[in-house]
Structure formats: C-alpha cells, structure tokens
Amino acid sequence: MGKDRIVVGLEIGTSKVCAVVGELKGDGSVQILGVGEAPSRGVRKGEIVDMENCGKCIREAIAEGEDKSDVMIKNVYLGVTGAHIASFNNRGSYTLPEDREKIEEEDVARVEDAARTAPIPARNMSVNTILQHFYVDGQDGVVTPVGMFGRTIEADHHIVHGVSNRIQNSFQCLKDLDLEIEDFVFTPYAAAQAVLTQSQKSTGVLMIDIGGGTTGYCVYAGGAVKQSGCIGVGGDHITNDLSLGLRIPMGKAEQIKIREGSCTLGNSLPGETVTLKDEHGFAGKEIEREMLNTIIHMRVRETLELMKRDLEKENYLDYLGGGIVLTGGTSELRGIKHLTEDVFGMPVQLCKARNVSGVTSAFENPRYSTAIGLVKYAQATTGSEGGGGWRWLKDFFK
Amino acid sequence: MIELPRSNHQPAPAIKFVGLGGAGANVLDRLILDGLDPDSAIAMNTDVQALNGSVTRMKIHLGQNTTRGLGTGGDPDLGHAAAEEAAEEISAALAGGDMVFVCAGLGGGTGGGAAPLIAHLARKAGAFTVVFATLPFAFEGRRRTSQAAEALAQIETQADLVVCFENDRMGEALASAGGIQQAFIAADQTLSQGIRAVAAIVQRPGLLALGLDDLSALLKKRNTRCLFGYGESDGPNRAHEALDRALRSPLMDRGRMLAGAQDVLIHITGGPDLTLNEATILMEEFNRHVSDHTRIHFGFATDPHLARRICVAILSAEEAPAPVAKKLPQAARHVETPAPAAEPTAKPQAELFSAPLEQEPSGQAGAPDEDDPGDSYYNSPPPSTAPPMPEHKAVPKYAPQPATAKKEERAEQMPLEPASRGRFEKSEPTIVDGEDLDVPTFLRKNTRVK
Ligand SMILES: Nc1ncnc2c1ncn2[C@@H]1O[C@H](COP(=O)(O)OP(=O)(O)OP(=O)(O)O)[C@@H](O)[C@H]1O
Ligand SMILES: [Mg+2]
C-alpha cells in the first residue's frame, strides 16, 4: 500500500448497472472520481437472464464511468448476488510441526486454507471466504497470530457460495466486453463496507440492502461477518404488486410508489385518494391511499419477516447492539424505518455510503452503496495477495 | 303471466351467517353489502385488525390470549385453540338460530382450524349447520392445500351439510385470462351467489318449493365439490340468456359438468311477468345438459322487485376422487341419501335478502342505497384482510346487467391485464415454503387468515 490506485466497482443490479470509479489514497481514504450508470435490462432478481441486452447496459454504464472519471476501465470489482447464494461459518485448524512453537505466516496461510476448503455443494462455487477470528490453543479473539506461541491455530471463516453456472453468466458477460474481473464480492458484504462503521461492526449490526429485485443482508458481531444472505424479493415486487392490485401499468405503479407510497398504515383519512396523472398530466384514475399503502406494507412486512426467520436460524439477533442499518434504493420508501423497527424490535437507521470524498450530491443515494462498497472492499483487500475469487477465476478462464 | 296462488306462508327459518377468518369475513361483508341483514351476520377472526375492518355488527375475537389479536400465521392448531378459548361466546352468539351457515376459507389457520369446532358448537346449539368452505388455490402452496383437506374431513364429521368450493376451479378460467386478482373476485362472487341461492332456497320456498331435503340429496355425501352457476337476464331472449349465463359460470363448464350428475337443483326466479311458457322453454333447454337419469330438483319463485329480470341458479355436486384433487373427472355419482336428520323448526323472521332470488316484495329489507355507510367503508378496505379489491365497489348491488356479462365487459376493458405474476411471469419463481413470492403478497394473504 501507500501508492494511489484506481479501482472500479461494478454492480449489475436489477434496476441499474452502476460503475463507480474510485481512487484509493495512500492514507487509506477513498475518492470517487466518477460514476457511470445505466438502467438495467435483462436482469431479474439480481441475476443476468439476457446476456446480450445486459451487456449493452454494462457497456453504457462503463462508458459513462470512463467519461466522468477520465479513466480507461479495464478491470472491475464485480458484485454478485441472487437468491441462490448461501453462507455458513466454518472452522479450520492446523497444528504446528513438532519442532516449532512460534506461529509464522505460513502456518496462518495453512489454517486459512483449511477453513476455506469447507464442503460446499458440487454445483456451487465459493464467492467469498471472509476471515472471522483466529484461535491459538483455544484462546479466542486473536487478530494477528503471527509471532505468538502456540501449538494449534484455528481460524473461523464465513463462507459465501452460490451456483457456479449462474455466477459465471456475469463473468461471461464481462469477458465478452473485454473487462477483467479483479475480484468478485457478494453484494451485501460489499454494501456493508460502504455504510457500516468499524464501531457498528464491533457492537453488532444487521445491514439490509433492499434493492430492486433482491434484499440482501449481512450481520456483523464482534467485528466479524457472522451471517449473510439474499432473498429474491425487492422493490420491483412492490411495484408489481401495485400494478396488479391497482390495475395500472408498471411505469405508473413505480411512479406512484415513489411519489405517494408508504409502508405506514392507518395514516390516511378514510376515503382519501391520490390521483394518478396520465401522460399529459391530466387527472386520471383515483387510487385509495390506504389501499396503496396496504399493498406496499404487506409486501415489505412479509419480506422483512422472511429475512427475520432466516436470521433466527442462528441467534445473532440478540447481539446487535448497533441495531439495523438499511440501504439500497428501496430504503427510501416512506415508513420503511418504522416498519423495520416494528418487525425486528430494534432501532433502525437509513444509511448511504460514508467516508468517501468526491461524491456529488446526485450520488449521495442509498442505491449506490453496493457499487461504492466494492471500491471500499478493494481498498480493504489491496495488498493482500488476490482474494479467493482471484484463484477461482483463473481456474475458470484458463 | 302465470297466476299461481302463493304457497302457504310458512315462516322462514332464522339463519345465522358466520364469516370465519379473513376469507370468510370477506364473503360475509360482501353478502351484507348485497343486502343481507347485518344483524344475522357474525364475523369471527383471530386477527383483531381484520375483525375491526369487517362491516358486520357482531364480531367475536377468537383467541384473545392464544394469538393476542395477531392472527394465526396460517397455523390451524392455533386457529382451533383460539376458537376453543372463545367457545362460550360463540355458543351464546349462535343460540336461537334455526340454521347456521358458516363460511370459511380452509387454507387459512383460522378458517381451517376453527371451522370444525364452530360447526360442532352450532349443532350443539340445535341449529341445522351448513358449512360453505373454499379450498385454497394451488398457488397458495402445498401446505395450505393439505391443511384444507384435513379441515374439510373434520368439518364433514361435524356439519349437517358441507358445500365445498374449489378456488382453483372457480378462478381457473379467469386466472389465465384476467390475472389472479380476477380469479379471487370470481371465487368470492361465486361463493356469495351460492350462499344467497341456498339461503333463498331454504327460506323462500316459492311457488314450487325446494327444501332442505333437495339440498341434502345433492350435498349429503362426503367429500363432494359443489358445482354452482348463476345467471340473470332481462333481454328479449331472457330465459335462454339467463340459463346460458348460469351454465357459463366458472364451475359449470358450459353445462358439461352436469352431464353425469345424479341430482341437479335448478331455481328460477322472475318478476311478475315471467310466463310459464318461458319457464318451460328454459327447462327444456336445461334438460339437454343433463342425462336421463339425473334427478332434477326444480324450484320456481316470483319477485316483483325483479321487474323484467329472470335469475337462474343451478346447484349440483360431484365427488372428489382423492382427498385433495385439483382436477376432477367429468362425472359424479350420487347415491340416494336419507333426508337430513335435523329439519329446522320454522320461525318467523325478517327477510334476510332483498336479493333477486327472493320471492316477495315486503319492503323490510330493501337494497341498501347509494350512501349506505357500509358501501363507503367497503371502498376503503381495512388493512391486512379485506384485501384491496377494487372490483368490489364496481359490482353494483343489484346489477341490472347480468353478472357474467359484467365480467366479460371488464375483461374487454383490460386486454393487457397482467397475469398473476405480472412482470415476473417469465422469470424463475421465488418459492419459499411452497409459496410463490412473485404473486403479490396481498393476494396470497387474501385467503390466509392473518
Ligand atoms: N424514493 C423511493 N421510494 C421507494 N422506492 C424507491 C425509491 N427510489 C428507488 N426506489 C426503488 O429502489 C429499487 C432500486 O434500488 P437499487 O438501485 O438499490 O436496486 P438494484 O441494485 O438495481 O437491484 P438489486 O440489488 O436488487 O439487484 C427500485 O425498485 C426502485 O423502485
Ligand atoms: Mg443492489
């Protein structure tokens, strides 16, 4: 480290493709040089379903990113997501050779390897293996075991994996565009790097990224990632529900959701309506406000409850001193903070990317958290030789 | 003009209508808005919020301690326990009814879990008990389907009659054409028409009386699925049209469903100008849809309210081959069944419906007028149940046009109607616990008792 480096975070989201060009400063800070964005086509629930159309959108976003930042983009940090992605925690252990008691780098590498080679389903590939803690002779909370004396070292890792074929669709897409993937990251983990503070990570926090087609989450406790996952439901489902329930086209449904919609029930007067304007701005259909909000409320509540159920499979919810942080485009929905507080029974904050400079106000929006988080991830991992992803990639493309 | 003497004025039996759970209360609300006397209706639910939203005056909150007002989350055991907790209150409310009609969606925790117990309590109170049950749509998930089958089997051991409707079949035709929303509306509409028809049959015997024994002949068998059709017309060719529309109801499959039926009930109501000739033509036409062996139970009544309109209700039932079958083969075979054990004692009662199916003018219960508070309430559906269904307000109380025509008209207005999953139609579904999360939450929760 020490030398400035330019990296690009690329999120191929369900509603937009976004390329954030950032400069990693020697002092550890990040400066955003430019952001390119294009509305997504061919992406459903966070996964590419139409490579050709999606490729065009990526090209557009990259071109704009290059324009804005005056940087030629060759490599990217890619966000991957989808409901097929799963995670678990795994412990590996390694016993030092008889003739040694002082832990060296190579021992640490060995134990990390052991923890990483956890059994995952044959059709899956590893997405991220995130180090949690070391233990030396059973003593926990060890951050840097190198130099310590001990016989066995153990390492806990949070292992994120997903269906290889699906993940490789996005790899292929980028390959077709002559873009190289420097590393790839599960998007909730990436977003967490943008929106969470170190102290939140230590006190325990649940980060939820509610996007267009997915809702991702990532739990930190004691400074380490404990749980992460993704549900294939997002803001587009709200829009779709409204379109079907109110019998209006998707475009109108999206508009009314953003302009008028709320998750809060019982806040409207009996019989209160909102008027849907037609293309010429003339008053059109009247929509019952409470009905509008009920449809939204039911979807968001259900999604949060599903996530809560997932989270309850392990008991970290009791360790979230830092409460919950919401980000992603749908976190802008009115009333979502209170609804989330209601479902989880803990304080909730709405957050966008923090500690980055150079972001113009237009990009101070929670929907950029993931892409900015990819840049922050790059910053955090620069210097460590190639992540797990790197190696996997080589295997795939050689 | 047929000039027949009015049948001897036997007082109609008093019916208490119970709407159980979200789906049941929904149908009950609809019946009230269609003119059912609200004092004869009782809503029962575990979900306090939903209960408060119902237009019924009498409400029983099930499971104050068991579920604390929150609904069952689809768990029938909770639904049962909640009803048990309120058993005394339920029995007190049901006392004094000659008949109790219980309406419940069996896929929900409250509907499926509590219905057998309610039926039990109703019979214990001495009422002839009819349960109108709906089986959930297949898309609501396998868990609900099997819960509903279990509930149905239990109800059959408790109730005097079970009228069981399959949502899948009622909504099938429309689910593909008009989207899931339409499917739910069609199902709701068919169910409420069916309840009205049955109530009219037992309450208003009419000129040619149909009675409980006719109904029992159709429905007394175990594990049957109700076939019901309803149509109206006041056009120049109204007899033919009304029948045709009844036969085109979702459950009739253009009359094909009747081909193998052993017993079919048909009830014709018309205004004062209904001629015998018309009725004869109608029956001749109807006869072509049933086999020679079919026993036809024919009822006929007039109602000056109807003016030029003719209404036809057709009711039959067929056996379900397996406990939970989605598609049924054509024929249904019925064995002669004994008349119902408990014939209700007749007792004078205010008219329940000022509905087309009824015979007399008696002004006691007119159609609620335009500024009926119930109506405006319905326009703003309460949160979480009575899910948003814009059509409900679009359906006029006593539609001058026939219901079926209305439906077609709507379908024409919305040719690009998004299907059930809308934008997610072509994408891989997100299935969690057998539920398709791409289907709007409010639709999936519709029949769920929450
Ligand atoms: N003000 C707003 N109120 C409500 N919803 C909003 C608002 N602004 C954006 N959204 C919704 O946010 C969603 C897009 O969020 P975001 O850009 O984070 O998603 P994405 O990253 O493209 O999708 P995903 O991560 O799920 O693949 C859309 O569904 C959009 O309707
Ligand atoms: Mg996103």
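The structure this text deals with has already been given above.
Heads up: these notes are all about the structure in this document. Everything numeric here is computed off the predicted structure, so don't read it as measured data.

Cut-off values and rules
- Residues numbered from 1 in each chain as written.
- Chains lettered and ligands numbered in written order.
- Predicted model: local features only at pLDDT ≥ 70, side-chain atom pairs only at ≥ 80, totals over all residues.
- Heavy atoms only, no water.
- Phe/Tyr/Trp six-rings, centres within 6.5 Å; stacked < 30°, edge-to-face > 60°.
- Helix = DSSP H or I, 4+ residues; strand = E, 2+ residues; numbered from the N terminus.
- Buried < 20%, exposed > 50% of the residue type's maximum accessible area, 1.4 Å probe, protein only.
- Lys NZ or Arg CZ within 6 Å of the ring centre and 35° of its normal.
- Axes fitted to C-alpha atoms, helices over the stretch in contact; angles between N-to-C directions.
- Parallel < 35°, antiparallel > 145°, perpendicular 65-115°, else oblique.
- Left-handed = near helix turned anticlockwise from the far one by under 90°.
- Contact = heavy atoms within 4.5 Å.
- Nonpolar A, V, L, I, M, F, W, Y, C, P; charged D, E, K, R; others polar.
- Expected span 1.5 Å × (residues − 1).
- Arc of directions from axis to C-beta.
- Salt bridge = Lys/Arg side-chain N within 4 Å of Asp/Glu carboxyl O.
- Near = heavy atom within 4 Å.
- Polar contact = N/O pair within 3.5 Å; in protein donor to acceptor, adjacent residues only side chain to side chain.

1. Examining the packing of aromatic side chains
Logical step 1: The tally for this structure, following the rule as stated, stands at five aromatic pairs over all chains.
Logical step 2: Relative to Phe101 of chain B, the ring of Phe17 of chain B lies with its centre 5.3 Å away and its plane at 70°, an arrangement referred to as edge-to-face. One end of the pair, Phe17 of chain B, is in strand 1 (residues 15-20); the other, Phe101 of chain B, is in strand 4 (residues 99-105), with 84 residues separating them in the sequence.
Logical step 3: Residue classification places Phe101 of chain B among the buried residues on the basis of a relative accessible area of 1%.
Logical step 4: Chaining the aromatic ring pairs together yields one cluster made of Tyr77, Tyr189 and Tyr377 of chain A.
Logical step 5: The ring centre of Tyr135 of chain A lies 4.1 Å from the NZ or CZ of Arg91 of chain A, which sits over that ring.

2. A look at the packing of helix 1 (residues 51-69) of chain A against helix 3 (residues 164-176) of chain A
Between two packed helices, what matters for the description is the angle formed by their axes and the separation of those axes.
All names here are of chain A.
Logical step 1: Where helix 1 contacts helix 3, the two axes come as close as 10 Å, and the packing angle between them is 55°. The angle between helix 1 and helix 3 falls in the class oblique. The handedness of the crossing between helix 1 and helix 3 comes out as right-handed. On the side of helix 1, the interface is formed by Met51, Gly55 and Ile58, while helix 3 contributes Asn169, Gln172, Cys173 and Leu174.
Logical step 2: Counted by class, the contact of helix 1 with helix 3 contains four nonpolar, three polar and no charged residues.

3. A short note on helix 2 (residues 105-116) of chain A
Residue and element names in this part refer to chain A.
Logical step 1: Taking 1.5 Å of rise per residue, twelve residues should cover 16 Å, and helix 2 covers 16 Å from first to last C-alpha, within 8% of that figure.
Logical step 2: Those residues of helix 2 that sit buried are Asp107, Val108, Val111, Glu112 and Ala115. One face of helix 2 carries all of its buried residues, which in axial projection span an arc of 135°.
Logical step 3: Of the surrounding secondary structure, the elements contacted by the buried residues of helix 2 are strand 7 (86-95), strand 8 (124-136) and strand 10 (152-163).

4. Side note on the pattern of salt bridges
Logical step 1: The tally for this structure, following the rule as stated, stands at 32 salt bridges over all chains.
Logical step 2: The partner of Glu104 of chain A in a salt bridge is Arg100 of chain A, with the nearest N and O atoms 3.9 Å apart.
Logical step 3: Note on Glu104 of chain A: relative accessible area 35%, which makes it partly exposed.
Logical step 4: Owing to a relative accessible area of 17%, Arg100 of chain A belongs among the buried residues under this scheme.
Logical step 5: Salt-bridge contacts for Arg57 of chain B lead to Asp39 of chain B; the nearest nitrogen and oxygen are separated by 2.9 Å.

5. Some details on the site of ligand 1
All names here are of chain A.
Logical step 1: Around ligand 1, the structure places 21 residues, and the nearest of them are Thr14, Ser15, Thr214, Glu254 and Lys257.
Logical step 2: In the environment of ligand 1, an oxygen atom lies 2.8 Å from a nitrogen or oxygen atom belonging to the side chain of Lys16.
Logical step 3: Within the backbone of Gly212, an N or O atom sits 2.9 Å from an oxygen atom of ligand 1.
Logical step 4: Elements that contribute at least two residues to the shell around ligand 1 include exactly helix 6 (235-246) and helix 7 (250-260).
Logical step 5: Looking at the shell around ligand 1 element by element, the count peaks at three residues for helix 7.
Logical step 6: Of the residues assigned to the shell around ligand 1, the class counts are two nonpolar, twelve polar and seven charged.

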